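# Structural description and commentary
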Amino acid sequence: MNRWIPLTLVLMLSAVLVWMLFGWKSDTEDADPYKALQLAQPPRGGDFTLTSAAGPVSLADFRGKVVLIYFGYTWCPDICPLNLSYLRYALDGLTAQERERVQVLFISVDPERDTPQRLSRYTAYFAPDILGLTGMPEEVAKAAALYGAVYRRGEVENTAMGYAVDHSAYTYLVDTSGALQQSFDHATPPDRIIAAIRSQLTAGETP
Amino acid sequence: MRSILTKMTFACAALFLSASLYAGTSAEDVQAEGAYVRAVPPGQPNSAAFMSLTNKGETDHVLVAAESNVSKVAELHTHSMEGGMMKMRPVEKIDLPAGETVKLQPGGLHIMLIGLTRQLSPGEDVEITLIFEDGSRASLQAPVKTVQQTMEEHHHH
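Residues numbered from 1 in each chain as written. Chains lettered and ligands numbered in written order. Predicted model: local features only at pLDDT ≥ 70, side-chain atom pairs only at ≥ 80, totals over all residues. Heavy atoms only, no water.

### Description of the overall build of chain B
Heads up, the condition is: The way it works is that DSSP assigns letters per residue, a run of H or I at least four long becomes a helix, a run of E at least two long becomes a strand, and they are numbered from the N terminus. Only protein chains enter the accessibility calculation, which uses a 1.4 Å probe. A residue is then buried if its area is under 20% of the maximum for its type, exposed if over 50%, and partly exposed in between. In this description, contact between two residues means that some pair of their heavy atoms is separated by no more than 4.5 Å. Accessible areas in this description were obtained via Shrake-Rupley with a 1.4 Å probe; residue shielding takes into account the shown protein chains only.
From N to C terminus, chain B includes three helices and 10 strands. Reading the helices (α) and strands (β) of chain B from amino to carboxyl end gives α-α-β-β-β-β-β-β-β-β-β-β-α. Buried positions account for 44% of the 157 residues belonging to chain B. The long-range fraction of contacts in chain B, counting pairs at least 24 apart against all pairs at least 6 apart in sequence, stands at 66%. Of the roughly 8,400 Å² of accessible surface on chain B, a fraction of 56% belongs to carbon and sulfur atoms.

### A word on the overall build of chain A
Counting its regular elements, chain A contains seven helices and nine strands. The buried share of chain A, reckoned over its 207 residues, is 51%. Put simply, chain A shows about 9,900 Å² of open surface, and 57% of that area lies on carbon and sulfur atoms.

### Considering unusual backbone geometry
Residue A:Ala187 is not a glycine yet carries a positive backbone phi of 60 degrees. Its location among the elements puts A:Ala187 in the loop between strand 9 (180–184) and helix 7 (190–205).

### Some thoughts on empty space enclosed by the protein
Where we set the bar: Here a cavity denotes a set of grid points, spaced 1 Å apart and computed over the protein atoms alone, in which a 1.4 Å probe fits but from which it cannot get out, and a pocket denotes an open set meeting protein on both sides within 12 Å along at least five of seven lines; residues with an atom within 4 Å of a point are reported as lining. Grid points are joined across faces, edges and corners, and a volume is the space filled by probe spheres set on the points. All amino acids are sorted into three groups, where Ala, Val, Leu, Ile, Met, Phe, Trp, Tyr, Cys and Pro are nonpolar, Asp, Glu, Lys and Arg are charged, and the leftover types, Gly among them, are polar.
Per the stated rule, a full pass over the model turns up one cavity of 30 Å³ or more. By volume, the largest cavity is sized at about 50 Å³. The wall of the largest cavity is formed by A:Tyr73, A:Cys76, A:Ile79, A:Val165, A:His167, B:His79, B:Met86, B:Lys87 and B:Met88. If you list the elements that add at least two residues to the lining of the largest cavity, you get strand 7 (164–167) of chain A together with strand 5 (85–90) of chain B. Per-element accounting of the lining of the largest cavity gives the leading share, three residues, to strand 5 of chain B. When its residues are assigned to classes, the lining of the largest cavity shows six nonpolar, two polar and one charged.

### Here's the deal with the packing of aromatic side chains
Residues and elements named next belong to chain A. Keep this limit in mind: Here the aromatic set is Phe, Tyr and Trp, taking the six-membered ring for Trp, and pairing holds for ring centres within 6.5 Å; pairs whose planes are under 30 degrees apart are stacked, those over 60 apart are edge-to-face, and all others are tilted. We count a charge as sitting over a ring when the NZ of a lysine or the CZ of an arginine lies within 6 Å of the ring centre and within 35 degrees of the ring normal.
Considering all chains together, one arrives at nine aromatic pairs over all chains under this definition. With 6.0 Å between their ring centres and 75 degrees between their planes, Phe71 and Tyr172 make a pair best called edge-to-face. Taken together, the positions of Phe71 in strand 3 (residues 66–72) and Tyr172 in strand 8 (residues 171–174) put the pair 101 residues apart, joining distant regions of the chain. With a relative accessible area of 4%, Tyr172 lands in the buried category. An aromatic cluster is present here, built from Phe48, Phe71, Tyr147, Tyr170 and Tyr172 joined pairwise through their rings. Above the face of the Trp75 ring, Arg113 is positioned so that its terminal group lies 4.0 Å from the ring centre. The ring of Tyr163 carries Arg113 above its face, with NZ or CZ at 3.7 Å from the centroid.

### Quick word on the environment of B:Val73
Residue position: B:Val73 is located in strand 4 (residues 71–82). Here B:Val73 falls in the partly exposed class, since its relative accessible area comes to 29%. As a C-alpha pair, B:Val73 and B:Leu113 span 40 residues in sequence and 6.1 Å in three-dimensional space. Sequence-distant contacts of B:Val73, defined by excluding residues within four places in its chain, comprise A:Ala160, B:Met112, B:Leu113 and B:Ile114.

### A closer look at helix 3 (residues 79–92) of chain A
All names here are of chain A. As a reminder of what qualifies: Helix span is expected to be 1.5 Å times the residue number reduced by one.
For helix 3, spanning 14 residues, the distance from its first C-alpha to its last is 20 Å, which sits close to the expected 20 Å at 1.5 Å a residue. Within helix 3, 12 of the 14 residues are buried, which leaves it mostly tucked inside the rest of the structure. Within the sequence span of helix 3, burial applies to Ile79, Cys80, Pro81, Leu82, Asn83, Leu84, Ser85, Tyr86, Leu87, Tyr89, Ala90 and Leu91.

### Some remarks on the pattern of salt bridges
Put simply, the rule reads: Salt bridge, as applied in this entry: a Lys or Arg side-chain nitrogen positioned within 4 Å of an Asp or Glu carboxyl oxygen.
If you walk through the whole model with that rule in mind, you get 14 salt bridges over all chains. For B:Arg38, the salt bridge goes to A:Asp78, with nearest N and O atoms at 2.8 Å. Pair noted here: B:Arg38 is in strand 1 (residues 30–38) and A:Asp78 is in the loop between strand 3 and helix 3, and the two residues belong to different chains. The residues B:Arg38 and A:Asp78 share a single accessibility class, namely buried. We note a salt bridge from A:Asp114 to A:Arg118, for which the minimum N-O separation is 3.5 Å. Each of A:Arg88, A:Asp92, A:Arg99 and A:Asp129 takes part in a single network of salt bridges with overlapping partners.

### Examining the interface of chain B and chain A
In many reports, interface size means the accessible area that the parts give up when they come together. Heads up, the rule is: In the analysis that follows, any N or O atom pair within 3.5 Å is treated as a polar contact, provided that within protein one partner can donate a hydrogen and the other can accept it, and provided that, for residues neighboring in sequence, both atoms belong to side chains.
Counting from both sides, the interface comprises 34 residues of chain B and, opposite them, 37 residues of chain A. If you look at where chain B meets chain A, you find seven residue pairs in polar contact (both at pLDDT 80 or more). Among the secondary structure elements, those contributing two or more residues to the side of chain B that touches chain A are strand 2 (46–55), strand 4, strand 5, strand 8 (110–116) and helix 3 (147–156) of chain B. A class-by-class count of the residues in the side of chain B that touches chain A yields 17 nonpolar, 12 polar and five charged.

### Quick word on the confidence of the model for chain A
Our working definition: pLDDT measures how confident the predictor is about each residue, on a scale from 0 to 100.
Summing up the model confidence of chain A, the mean pLDDT is 84 and the portion of residues at 70 or higher is 81%. Across residues 23–40 of chain A, where pLDDT falls below 50, the model places 13 contacts with residues more than four positions away in sequence or in other chains.

### Some points on the packing of helix 3 of chain A against helix 5 (residues 116–126) of chain A
All names here are of chain A. Put simply, the rule reads: Angles shown run from 0 to 180 degrees and are taken between the N-to-C directions of axes, each axis being a line fitted to C-alpha atoms and, for helices, limited to the stretch in contact. If an angle is under 35 degrees, it is roughly parallel; if it is over 145, roughly antiparallel; if it lies from 65 to 115, roughly perpendicular; otherwise it is oblique.
In the contact formed by helix 3 and helix 5, the axes pass within 9 Å of each other and the chain directions differ by 55 degrees. By the criterion of interaxial angle, the relationship of helix 3 to helix 5 is oblique. Mapping the contact onto sequence places Cys80, Pro81, Leu84, Ser85 and Arg88 in helix 3 and Tyr122, Tyr125 and Phe126 in helix 5. Considered class by class, the residues forming the contact of helix 3 with helix 5 number six nonpolar, one polar and one charged.

Structure follows, in structure tokens:
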């Protein structure tokens, strides 16, 4: 149990740091970082660099593409597979030309168990063009904070799971210029995702 | 002669009484329908089983544990939304009130299969054993299904 403490501390400190960098306002005296995350202006998205099985990947690499970002972890038996499957059906519903201009990123918020190699096997199961990313805990925390994704290691007793990761289950849609456009709730039907992707692809063509 | 009659009357009375008080065991009363286990990517250590459980009896029953032939452990779990996060937690029991149907479904209650002992292939059957508070056990076969298969079934119904 003691070996979790340093990691938890790092996570907490990085969350506070991120909050100070991005969420702090002079008129906000409330020092509770969790509350600030909820009350701060809506997340604006932004660039990040993380690690895939093939090396570093930046959001900026995908300018000109519509990017769907989902934060989760591979030990998750229900929520993540369902969402990734829905994203796959959304991809399948696009024409080949459209699909070339879409990138799905699955970012693991459980870097301790999810190595890039493990992530790559996991995402390939859902679709070959879903890219699994992770990084140092503070890098993941920074990327998550940009998008308003929240997660924490769940303290679970009486389970053989080891630990669970509580996480928000939104899918973030980033337009062709790299701006966060909208977020989808857990298990949003593929049809709605397809419609949103198409409208962004068209918008990107007619500036 | 008279004593035999008396004995028979008592026997009949006892039989009648026990029949009227008789309540089925949980395993007899609870019917599982639409059971399936989610197909998961290769190397994935865990999966989940879903089903709907209908208590056809007149007394309440309680599901307290489960086992499977493909995992080291099976646990009763649920999901809840808290602070914008999906939380998955074990539950001690799942109440099955008389005459009601309780659904174990994605995003909610499920039987978590932890430590898969082998790769699950879509279409194969997994044996799930439900263990109730009264000690009775019910085994059932649950096919392995991909999310796509379960989605298509929803569309067809």
